[in-house]
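Observations on the three-dimensional arrangement
Listed below are the residues making up each chain.
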Protein chains: 2
Amino acid sequence: MRRASQFGRRPTIIDVAIAAGVSKSTAARVMSGQGNVSPKVVAAVRTASRDLGYQRNNMAVSMRSGRSGLIGIIVPDISNPFWAEVVRGAQERAVLSGSSLLIFSSDWSAERERSHLQALVQTRVDGFVLNTIADEGDTQDFTNLGCPFVLIGTTSDLYPDRSSVGSDIPQGVATALDHLSRCGHDLPKLITGPPRRLARAKFVSAINRYFIDRDIDPTGIEAENGEYSVNGGRAAMARLIRHHKGSHMTVFAANDLMALGAMAEARDAGLACPADVSVIGFDGIPSGEFCSPPLTTIAKPSRGIGEDAMRLLGRLIEGDSVVMRPRLPCRLVERGSVLDFSATRERTLHLA
Amino acid sequence: MRRASQFGRRPTIIDVAIAAGVSKSTAARVMSGQGNVSPKVVAAVRTASRDLGYQRNNMAVSMRSGRSGLIGIIVPDISNPFWAEVVRGAQERAVLSGSSLLIFSSDWSAERERSHLQALVQTRVDGFVLNTIADEGDTQDFTNLGCPFVLIGTTSDLYPDRSSVGSDIPQGVATALDHLSRCGHDLPKLITGPPRRLARAKFVSAINRYFIDRDIDPTGIEAENGEYSVNGGRAAMARLIRHHKGSHMTVFAANDLMALGAMAEARDAGLACPADVSVIGFDGIPSGEFCSPPLTTIAKPSRGIGEDAMRLLGRLIEGDSVVMRPRLPCRLVERGSVLDFSATRERTLHLA
DNA sequence: GTGTTGTTTGGTAACGTTCCCAAATGAGGA
DNA sequence: TCCTCATTTGGGAACGTTACCAAACAACAC
């Protein structure tokens, strides 16, 4: 059996054509399966192709067709299981539609985001999915790259006339606060992202709105900023503990990694969760199920965000210029990290 | 300022050349910065390029040069934080070397692996990193795809004359068993991967060897197979619990996700960890730090594996045909999921 | 002015594919 | 035999880039 290596290079469709004794046009017609070829020739070309180990060169195809079959996706932190899950959702759809995914992590650096974006454009991806870390003011210039894209996450609010997919933050926040109030908690303390981040502002304002709508004054709510990581959560929690007066402390973290860090820090400080400290997170990453105690959290539809973004991008690539901005609902995942005061009271009564 | 969209298509280097009033050869010389161009012309071309928003078409470049600047990586399960971390290591190196990573997950399906592999070849990646799920017997045919590659993980042992990067399984296993024995444990029970998987065989045989080398008969060791996932670990643990006689149970899981599952299952069965059940894992995923109790495990150098594989692949792509097969050392991460009988005894004495 | 350098520039081909159009072939009827 | 029509086949161009080679140009010495 002849091999690709016999040429010292990969066989082209011309090699196949020659081997089959036809012209490259005919060989191409066979490969694309568009008919109008005699059965004898089809067989000959197929055989030659198999014998030579022919593999179509997608570079040449995209060169000619203007379609690369490549899709880019840039998220801020691929190490965060939440974003990993979003990417996985996108991946699933990409495989389904026969395209390949170029995955980048901006690591919260605008510089990196820009450079990855340029790499994507130069690679001539058919489109990209982006969670831009751009803050208010310096909105990036990917809007005129001449390449279809779908934004994901909170920062997409900065581009109201562009298609985007996100989770419904106000609804998620309300779900969390409803749960806390149902469990008999007072105003929570917040662990939020870095000061300038838009996501932080959205999170905080959703919380304020919730309380204002219920005639509760939210001005007393304490908030500590931190990086969106376990260590960021630890540091913020350490500060909260230092300033804390009173008995039970309730903490609402803006993402699960920070919630995990907060719980770890509390434990190190000798505080029991949920007895002394209640923690509720935001994201719904798998690790939350196994931590001690299991983390009560607001699960975002991470995989769905990735999937829907790809679906939307697909339509954009097909030329459908519709603008859609779905905000998918979050749901409460009740586990063990939030103390239920009502249940405690009941239990106390039972014991008495 | 003129924009890419003025042509209705992306500007090419010819557009730049025309705008600058030179030939495309000259424009190309400027863009590649290889000198022999008068300063005046350089300035003109630079200006034209910026004005038009010119972005080099990497498809055309790779077409001409035979280099795509694309690298593929296929892992069995991108949802597993261990593999995510390997990919992240690879990503880091890729960005450093100016190439982009195409990431695929085979999800333990040979069919998918083959299809992803074909996608990579057709995209003309410069090389790829692969953890093949191929079992003994049906070794895949990526060896004659005419594309440089580096294998990672246990299955690379099936291709002894190919470059690969892995972790030192025997050393890791020995580290784990040393620790268990130091803590006063008897023979552990095993939670392993699916029966036909080569990784399972390597794991089990490393354990057998360890005991044989120490004149201990390993034949009595119980092992339960399962998928390499949390639920796989749960199911295996359920079976172990059902068959268990005696007091304390010691479990060595072949990966951390299964260890997490085992701990969850034990908890659901009313067994305390580590009091009733000791669990030691293998991988070193971040979630292990936050579970209850924190998971004692053997950490593989996940990120290093990804990095080294890319480094090696880089050399292969450069034409250096050296075969290297580093096996990176694992290290013990001692946390709370393994009961230390010696310490317990001491503490008991102190209390008495 | 002429010849000899060295620098700067432009034209052309090639990478592998697909599409369009024209040419060739075959079948069937007048 | 010749014409018509349908089917099958081949040739050429184009996608955007770079490398090679030759031509043009400038500078300088004779």
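Residues numbered from 1 in each chain as written. Chains lettered and ligands numbered in written order. Predicted model: local features only at pLDDT ≥ 70, side-chain atom pairs only at ≥ 80, totals over all residues.

Per an unreviewed UniProt entry, the recorded name for chain A is LacI family transcriptional regulator, and the organism is Pararhizobium mangrovi.

**Comments concerning the relation of the copies chain A and chain B**
Mapping chain A onto chain B is achieved by rotating through 180° and translating by 0.0 Å along the same axis, at an RMSD of 0.0 Å. Here the two chains are linked by the operation of a two-fold rotation axis. Residue A:Cys291, judged by its C-alpha, is the member of chain A lying nearest the rotation axis, at 1.8 Å. An overlap of 100% is found between the interface residues of chain A and their copies at the interface of chain B, pointing to a shared contact surface. (Least-squares fit on C-alpha atoms with pLDDT ≥ 70 in both. Contact = placed C-beta atoms within 7 Å.)

**Details of the sheet that holds strand β7 (residues 223-225) of chain A**
Neighbouring strands of a sheet are bound in pairs by backbone hydrogen bonds; such pairs are parallel or else antiparallel. Residues and elements named next belong to chain A. The strand order across the open sheet formed by six strands is β7-β6-β8-β9-β10-β12, and the pairing between neighbours is mixed. Two strands close off the open sheet at either side, each with one partner strand: β7 and β12 (331-333). Ignoring which end each strand starts from, the neighbouring axes of this sheet average 20° apart. Relative to strand β8 (residues 249-253), strand β6 (residues 189-192) is paired through three bridges, and the arrangement is parallel. For Ile 191, the partnering residue across the bridge sits in β8 and is Ala 253. (Pairing = 2+ DSSP bridges. Helix = DSSP H or I, 4+ residues; strand = E, 2+ residues; numbered from the N terminus. Axes fitted to C-alpha atoms, helices over the stretch in contact; angles between N-to-C directions.)

**What about the UniProt feature "domain: HTH lacI-type" (unreviewed entry) in chain A?**
The UniProt record annotates "domain: HTH lacI-type" (unreviewed entry) at residues 11-65 of chain A. From the first C-alpha to the last, residues 11-65 of chain A spans 21 Å; its make-up is 71% helix and 0% strand. (UniProt positions renumbered as here; feature names shortened; annotations may be inferred.)

**Comments concerning the packing of helix α5 (residues 81-96) of chain B against helix α11 (residues 302-317) of chain B**
Helix packing geometry: the angle between the two helix axes and the distance between the axes. Residue and element names in this part refer to chain B. Between α5 and α11, the shortest axis-to-axis distance is 7 Å and the interhelical angle comes to 40°. It follows that α5 is oblique to α11 by the angle criterion. Helix-helix and strand crossings are classified by hand; for α5 and α11 the assignment is right-handed. Counted together, Phe 82, Glu 85, Val 86, Val 87, Arg 88, Gly 89, Ala 90, Glu 92, Arg 93 and Ala 94 of α5 and Ser 302, Arg 303, Gly 304, Ile 305, Gly 306, Glu 307, Ala 309, Met 310 and Arg 311 of α11 form the full contact between these two elements. Split into classes, the residues belonging to the contact of α5 with α11 amount to eight nonpolar, four polar and seven charged. (Parallel < 35°, antiparallel > 145°, perpendicular 65-115°, else oblique. Left-handed = near helix turned anticlockwise from the far one by under 90°. Nonpolar A, V, L, I, M, F, W, Y, C, P; charged D, E, K, R; others polar.)

**Quick word on unusual backbone geometry**
In this model, A:Cys273 is joined to A:Pro274 through a cis peptide bond whose omega is 5°. Within the fold, A:Pro274 resides in the loop between α10 (256-268) and β9 (277-283). Looking along the chain, the bond that leaves A:Ser292 and enters A:Pro293 is cis, with omega of -10°. Structurally, the position occupied by A:Pro293 is in the loop between β9 and β10 (296-299). The phi dihedral of B:Trp108 is positive, around 60°, even though this residue is not glycine. As for its placement among the helices and strands, B:Trp108 is situated in the loop between β2 (100-105) and α6 (110-122). Overall, the presence of 16 C-beta atoms within 10 Å leaves B:Trp108 in the partly exposed class. In the Ramachandran plot, B:Asp215 falls in the positive-phi region, its phi being about 55° despite a non-glycine side chain. (Buried ≥ 20, exposed ≤ 12 C-beta atoms within 10 Å, placed from the backbone.)

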